[in-house]
Amino acid sequence: MRHPFVRLQGPVLFLVVANSAVAQSFVDFCPGGDEATQAAVVGYVTDPEAETIVPGATVAASWVQDDARRRIEVQTDIQGLYALCGLPRETEVVLRALLGDRRGEAVPYTTSATLAQSDLLISLTGEPETREEVGSLAAGGGRGQAFSSEVIRAEDLLHLPEMSVYELLRRHQLLRFDRVSTLGEVILLTSATSSLRAGRLQSVQVRINERREVDGVAAIRDLSIDEIGRIEILTRTEASARYGGDGFVGAIVITTRDR
């Protein structure tokens, strides 16, 4: 059975290719999918400022189900087209396009239709998006737990907008991020005095599943909060007790959900 598209509300976009998505069906995009229980969203990712499509971008859908965050993602093809299959029906999801540190606007959608079209925007020419909604959450309230606690659990992240661990910790009250010309960006504890040793700023170490990351900032840029089971922010004393001399500057210990 063929189902017509439902087009999500949004701005009219410049497209440089014919809209090959129009008049196709659920099974055309999701062969083997179950139309009775699943939904799909397809569309193009474009940069309206550069007036171009964006091939190779990641399109992510995240939602809360059974008290856990769920996430699926796909890449856009050479025409900037994506097809997100396997979404649960009658569920509120958030769609977003990402490319490196560029993050497009979040698009909320309830999957009431079997097949819908949503064209997503991402800017490759302007500055990466500033997350005002994240700043307002960090200011206080129940959701602010994720921005102030020494231990952040998966359940503390359930109702936050989709973001990277970098965006989360960048606004955490116990941490501050400094840019050093020779090192790039480093993470420091707000409770510790910045120290220079042999000309190097001593930054908090980052461990993901107990593996110490050489470039902790880069590692958390590529890690979504949807993948997180637990984050611990350890003081110098706590980190030294756990990791010996290796932890004298403090530590951020991240455990992912698949562990």
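Along each chain, residues carry numbers from 1 onward, in the same order as the chain's sequence is written. Given that the model is predicted, a residue must reach a pLDDT of at least 70 before its local features are reported, and side-chain atom pairs must reach 80 or more before they are shown or counted; all residues, however, enter totals for whole chains, interfaces and linings. Only hydrogens and water are set aside; all other atoms, that is, all heavy atoms of the structure, feed into the side-chain values.

Enquirer: Hey, could you run me through the side chain of glutamine 205 in this one?
Expert: In this description a helix means any DSSP run of H or I spanning at least four residues, a strand means any run of E spanning at least two, and both kinds are numbered starting from the N terminus. Among the secondary structure elements, glutamine 205 is positioned in strand β17 (residues 205-208). For glutamine 205, the residues in contact, after removing those within four places along its chain, are Arg212, Asp246, Gly247, Val249, Gly250, Ala251 and Ile252. Pairs of residues are marked as contacts when any of their non-hydrogen atoms sit within 4.5 Å.

Enquirer: Is there a simple way to explain unusual backbone geometry in this structure?
Expert: With glycine set apart, most residues show a phi of negative sign, and most peptide bonds adopt trans. The residue glutamate 90 is not glycine, and still its phi comes out positive at about 55 degrees. Relative to the helices and strands, glutamate 90 resides in the loop between β6 (81-88) and β7 (92-99). Type-normalised accessible area, obtained with a 1.4 Å probe on protein chains alone, sets the label of each residue: buried when under 20%, exposed when over 50%, and partly exposed for intermediate values. Relative accessible area serves as the criterion here: at 55%, glutamate 90 is assigned to the exposed category. We note that glutamate 210 has phi near 70 degrees; this positive angle belongs to a residue other than glycine.

Enquirer: What is the right way to look at the sheet that holds β17 in this model?
Expert: Where strands meet in a sheet, backbone hydrogen bonds hold them as pairs that are either parallel or antiparallel. Ordered by their spatial adjacency, five strands build an open sheet running β12-β19-β20-β17-β18, and the pairing between neighbours is mixed. Because the sheet does not close on itself, it has two edges, and the strands there are β12 (151-153) and β18 (211-212). Any two strands between which DSSP finds at least two bridges are classified as paired. With six bridges connecting them, strand β19 (residues 228-234) and strand β20 (residues 251-256) associate as antiparallel partners. Directly across from isoleucine 228, in β20, lies its bridge partner threonine 256. For helices, the fitted axis covers only the stretch in contact; all axes are lines through C-alpha atoms, and the angles between them, taken along N-to-C directions, range from 0 to 180 degrees. Packing of helix α5 (residues 236-243) onto the sheet brings it into contact with β17, β19 and β20, and relative to β19 it is tilted by some 110 degrees.

Enquirer: Would you mind showing me how to read the pairing of strand β5 (residues 68-75) here?
Expert: Looking along a regular strand, one sees the side chains alternate between the two faces of the sheet. Here strand β4 (residues 58-65) runs beside β5; their pairing, made up of eight bridges, is antiparallel. From the neighbouring strand, valine 59 faces β5, where its bridge partner is valine 74. The antiparallel pairing of β4 with β5 creates a hairpin that spans two residues between the two strands, and aspartate 66 there sits at a positive phi of about 55 degrees.

Enquirer: Where do I start with the nonpolar core in this structure?
Expert: One recurring pattern in soluble globular proteins is that nonpolar side chains are buried together. Here, nonpolar core refers to any group of buried Ala, Val, Leu, Ile, Met, Phe, Trp, Tyr and Cys residues whose side-chain atoms link them within 4.5 Å. Counting 27 residues, the largest nonpolar core has Val165, Leu168, Leu169, Ile220, Ile252 and Ile254 as the members making the most contacts within it. Mapped by element, the contributors of at least two residues to this core are α3 (165-170), β13 (175-180), β14 (184-189), β17, α4 (216-221), β19 and β20. Excluding anything up to four places from it in sequence, leucine 168 contacts Ala146, Phe147, Ile152, Leu157, Leu160, Met163, Ile225 and Ile231. Within the second largest apolar cluster, 20 residues are counted, among which are Val41, Val54, Leu87 and Leu95.

Enquirer: For this particular structure, what's the right way to read the environment of isoleucine 72?
Expert: Position of isoleucine 72 relative to the elements: it lies in strand β5. Judged by relative accessible area, isoleucine 72 falls into the partly exposed class, the value being 23%. It is 10.0 Å that separates the C-alpha atoms of isoleucine 72 and leucine 95, two residues lying 23 residues apart in sequence. In contact with isoleucine 72, not counting residues within four places along its chain, are Val59, Ala60, Ala61, Trp63, Leu84, Cys85, Gly86 and Leu87.

Enquirer: Explain the packing of aromatic side chains to me, please; I cannot follow it from the model alone.
Expert: Between two aromatic rings, the relevant description is the distance of the centres plus the angle of the planes. Ring geometry is summarised as follows: Phe, Tyr and Trp rings, the Trp one being its six-membered ring, pair when their centres sit within 6.5 Å, and such pairs are stacked at plane angles under 30 degrees, edge-to-face over 60 and tilted between the two. Summed over the entire model, instances satisfying the criterion amount to one aromatic pair. Ring geometry for tyrosine 166 against phenylalanine 177: centres 5.5 Å apart, planes inclined by 90 degrees, an arrangement best described as edge-to-face. Separated by 11 residues along the polypeptide, tyrosine 166 in helix α3 and phenylalanine 177 in strand β13 bring together distant segments of the chain. Each member of the pair, tyrosine 166 as well as phenylalanine 177, is classed as buried. Note on geometry: a ring has a charge over it if NZ (lysine) or CZ (arginine) is within 6 Å of the ring centre and within 35 degrees of the ring normal. The residue whose ring lies beneath arginine 207 is tyrosine 243, and the NZ or CZ to ring-centre distance is 3.9 Å. The residue whose ring lies beneath arginine 221 is tyrosine 166, and the NZ or CZ to ring-centre distance is 4.0 Å.

Enquirer: How do you make sense of the pattern of salt bridges when you look at a structure like this?
Expert: A side chain with one charge may pair with a side chain of the opposite charge, provided their charged atoms come close. Note on definitions: salt bridges are taken to be side-chain nitrogens of Lys or Arg within 4 Å of carboxyl oxygens of Asp or Glu. With the rule as written, the count across this model stands at 10 salt bridges. Here glutamate 73 ties to arginine 71 by a salt bridge, and the two come within 2.9 Å at their closest N and O atoms. Since its relative accessible area comes to 24%, arginine 71 is described here as partly exposed. A salt bridge links aspartate 226 to arginine 71; the nearest nitrogen and oxygen atoms lie 3.3 Å apart. One end of the pair, aspartate 226, is in the loop between α4 and β19; the other, arginine 71, is in strand β5, and 155 residues separate them in sequence. Connected through shared salt-bridge partners, Arg170, Arg179, Glu185 and Arg221 make up one network.

Interpretation note: all reported values are geometric properties and have no functional meaning in isolation.
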